[in-house]
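So you can see what is in the structure, the chains are spelled out below.
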Amino acid sequence: MKIEKMASLLGMKETQGVFEGTYQGYTFHLIHYYTDAITKILALQFVFDHQLTKDEFKAISKAQGAPIARLESVALTQNAVVLPLLYKSTKPEKLNVYLTKITDAMKTSNLKNLNHCPFCGLEETDAQRVIKGSIVHVHDQCAKDFYEKVIERVEAEEKSVANLPKSLLFAVIGAIVGLIPTFISVLFFNYMLALLYALIPLASFYGFKKGGAAKNAYVPFVVAGISLVISLLFIVWIYQTGAASLGMTFAEMLEVPQNRSEFIGDLGTSALFTGIGVLIVWKSMSQQTNAQIKKDLSGLKK
Ligand SMILES: [Zn+2]
């Protein structure tokens, strides 16, 4: 559904390029939310004045049902919830029931919208900024100062190549560690599972971060490449070991047409599953890059 249509169904008004609505005293915004690399969904975002406790988030999650609520950080840490509207009924009376349910849960938890400046904590703000799709009340000077400080740090980090070799090495080691569950599943159960493959880029990215290099925009692509190479080498290694146990060289074994087609088939499956795995973890990787941090804060500049 088009964002404009959903906004009008929810009685939301457009201000500063953002759709804003209020219900039972709560202000919320309609946003596009990426759940992974390619899936973009419409969601409601509520921004609160403090980091949500587990119980507070649980209460909202329960009222939300499926698709699950997600925690977001909007100017403060984990102070916002994203509530996907996918599969929710678009009938006005049902939307009202839904809005009542989620805002009732917020009321019960005594939650309050973020109304003070998130940078200095003081009220009586004098400006507004759009952060991650929500309008946030700020002091103009606080927003500018914060933006400059963060951008200065991020840009210095982006230019630095310190720790890059170490991070790349750790990313490779991470990918190998992430391969272990797949290794066990293939060797002992003769089974390839797409979901397990997601652990390869996940562990590789973790390794890269541990290495301490800057998380630049290219890092998710590097992690994807390393994961692919490792998962393909794994298949080669399996076939090589198989050939050796039969007293053949790798080349000799591949001369048998059936072996060759199985080998190519397994390489293809491995590549496909790595691709799926990368898609699954893409959002969590790209969200941590400097490019994304800059993009998230771009609304502060003005
Ligand atoms: Zn301020």
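This one's a predicted model, so the numbers in the text were calculated from it and none came from an experiment.

Undergrad: Describe unusual backbone geometry, with residues and values.
TA: With an omega of -10°, the peptide bond between Ala 66 and Pro 67 qualifies as cis. With respect to the helices, strands and loops of the structure, Pro 67 is situated in the loop between α2 (54-64) and β5 (70-72). Residue Asn 110 is not a glycine yet carries a positive backbone phi of 60°. Position of Asn 110 among the secondary structure elements: in the loop between α3 (92-108) and β7 (127-131). Positive phi, close to 70°, is recorded for Asn 163, a residue that is not glycine. On the secondary structure map, Asn 163 appears in the loop between α4 (140-159) and α5 (164-189). Its relative accessible area of 36% is what places Asn 163 among the partly exposed residues.

Undergrad: Quick one: what's the story with the coordination of the zinc ion, residue by residue and with numbers?
TA: The zinc ion binds to the protein through Cys 117 (SG), Cys 120 (SG), His 139 (ND1) and Cys 142 (SG), with metal-donor distances spanning 2.0 to 2.3 Å. Metal-centred angles of 96 to 117° between the 4 donor atoms at the zinc ion mark the site as tetrahedral. Positions of the donor residues of the zinc ion, expressed as sequence spacing, correspond to C-x2-C-x18-H-x2-C. Accessibility classification places His 139 together with Cys 142 in one group, the buried group.

About the criteria used
- Residues numbered from 1 in each chain as written.
- Predicted model: local features only at pLDDT ≥ 70, side-chain atom pairs only at ≥ 80, totals over all residues.
- Heavy atoms only, no water.
- Helix = DSSP H or I, 4+ residues; strand = E, 2+ residues; numbered from the N terminus.
- Buried < 20%, exposed > 50% of the residue type's maximum accessible area, 1.4 Å probe, protein only.
- Donors = N, O, S within 2.8 Å, 3.2 Å for Na, K, Ca; no water.
- Tetrahedral: all angles 85-135°; square planar, octahedral: opposite > 155°, others 65-115°.

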